[in-house]
Amino acid sequence: SAVISQKPSRDICQRGTSLTIQCQVDSQVTMMFWYRQQPGQSLTLIATANQGSEATYESGFVIDKFPISRPNLTFSTLTVSNMSPEDSSIYLCSAISPGQGSDTQYFGPGTRLTVL
Amino acid sequence: QQPVQSPQAVILREGEDAVINCSSSKALYSVHWYRQKHGEAPVFLMILLKGGEQKGHEKISASFNEKKQQSSLYLTASQLSYSGTYFCGTKGRTSYDKVIFGPGTSLSVIP
């Protein structure tokens, strides 16, 4: 299994500023992802964080708005840039831990972002 | 493409059983089930790989019908701790494909 931690756990930010969220996994994982979850809604995949190369973004998400880094196998950051109130959400880091015959995907505790 | 879940919400009394369904319009490699309590991260319950296997976790089990591209989560003798939102996630084609999550099923267990 993998234990995922995120920092910060929550933040309140002003419109137009940027916030970087850090994700640390306690063991080497094969893949890392960033999701967004609006209150009462499902989990929406933002991008796959690729180690040593540019992230792979889902439709509707762009690198200029959500730059992602993954410098090694256990750490990734997501930056929410030029924030607006519409960016208020919970951002979750997720990682796949290789297992016997199946790959389990785990989630971090999330970062609750409020943009004023 | 996002899988479909049913029902959208269900209320149970302690000890009752429930079934949550998940279906996809495309061929699936695996189905993943998670439970999320309010204000917490989703917690992994189980994975079902193509092959029609059934798995169990305490009093929670699940089945996967690969041909119908459907999975069902069975909760038996429900406990108060089972309350939360249940998400199914589907992965198509290969193990390296991304997991797409359904809209969730809200389950409330009352005394």
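Above this text you will find the structure in question.
So, here is what we can say about the structure in this document. (Residues numbered from 1 in each chain as written. Chains lettered and ligands numbered in written order. Predicted model: local features only at pLDDT ≥ 70, side-chain atom pairs only at ≥ 80, totals over all residues. Heavy atoms only, no water.)

Moving on to the overall build of chain A. Along chain A, the regular secondary structure elements total zero helices and 11 strands. Its helices and strands in sequence order give chain A the pattern β-β-β-β-β-β-β-β-β-β-β, from N to C terminus. By the compact-globule yardstick of 13 Å for 116 residues, chain A fits well, its C-alpha radius of gyration being 14 Å. Taking all 116 residues of chain A together, the buried fraction comes to 51%. Once local pairs closer than 6 in sequence are excluded, the contacts in chain A between residues at least 24 apart make up 55%. Accessible surface, chain A: about 5,400 Å² in total, of which carbon and sulfur atoms supply 48%. Treating the 7 positive side-chain charges of chain A as one cloud and the 8 negative ones as another, the clouds have centres 8 Å apart. (Helix = DSSP H or I, 4+ residues; strand = E, 2+ residues; numbered from the N terminus. Rg over C-alpha atoms; globule rule 2.2 N^0.38 Å. Buried < 20%, exposed > 50% of the residue type's maximum accessible area, 1.4 Å probe, protein only. Contact = heavy atoms within 4.5 Å. Areas by Shrake-Rupley, 256 points an atom, 1.4 Å probe, with all protein chains shown as cover. Lys, Arg positive; Asp, Glu negative; His and termini not counted. Charge placed at Lys NZ, Arg CZ, Asp CG, Glu CD.)

Moving on to the packing of aromatic side chains. Counted by the stated rule, this structure contains 10 aromatic pairs over all chains. Note on Phe33 of chain A and Tyr35 of chain A: the rings are 6.4 Å apart at their centroids and 55 degrees apart in plane angle, and the pair reads as tilted. A single burial state applies to Phe33 of chain A and to Tyr35 of chain A, both of which are buried. Aromatic side chains Phe107 of chain A and Tyr34 of chain B sit 5.4 Å apart centroid to centroid with 85 degrees between the ring planes, which places their arrangement in the edge-to-face category. A residue pair is termed interchain when its members come from two chains, as with Phe107 of chain A in strand β10 (residues 103-107) and Tyr34 of chain B in strand β4 (residues 30-36). (Phe/Tyr/Trp six-rings, centres within 6.5 Å; stacked < 30°, edge-to-face > 60°.)

A separate point is the sheet that holds strand β8 (residues 75-80) of chain A. Residue and element names in this part refer to chain A. The strand order across the open sheet formed by four strands is β1-β3-β8-β7, and the pairing between neighbours is antiparallel. Of all the strands in the sheet, the pair left with one neighbour each is β1 (4-7) and β7 (68-72). The sheet shows a mean angle of 20 degrees between the axes of neighbouring strands, taken without regard to direction. Two elements, β1 and strand β3 (residues 19-25), share four bridges in a ladder whose sense is antiparallel. Bridge pairing in β3 places Lys7 opposite Gln22. (Pairing = 2+ DSSP bridges. Axes fitted to C-alpha atoms, helices over the stretch in contact; angles between N-to-C directions.)

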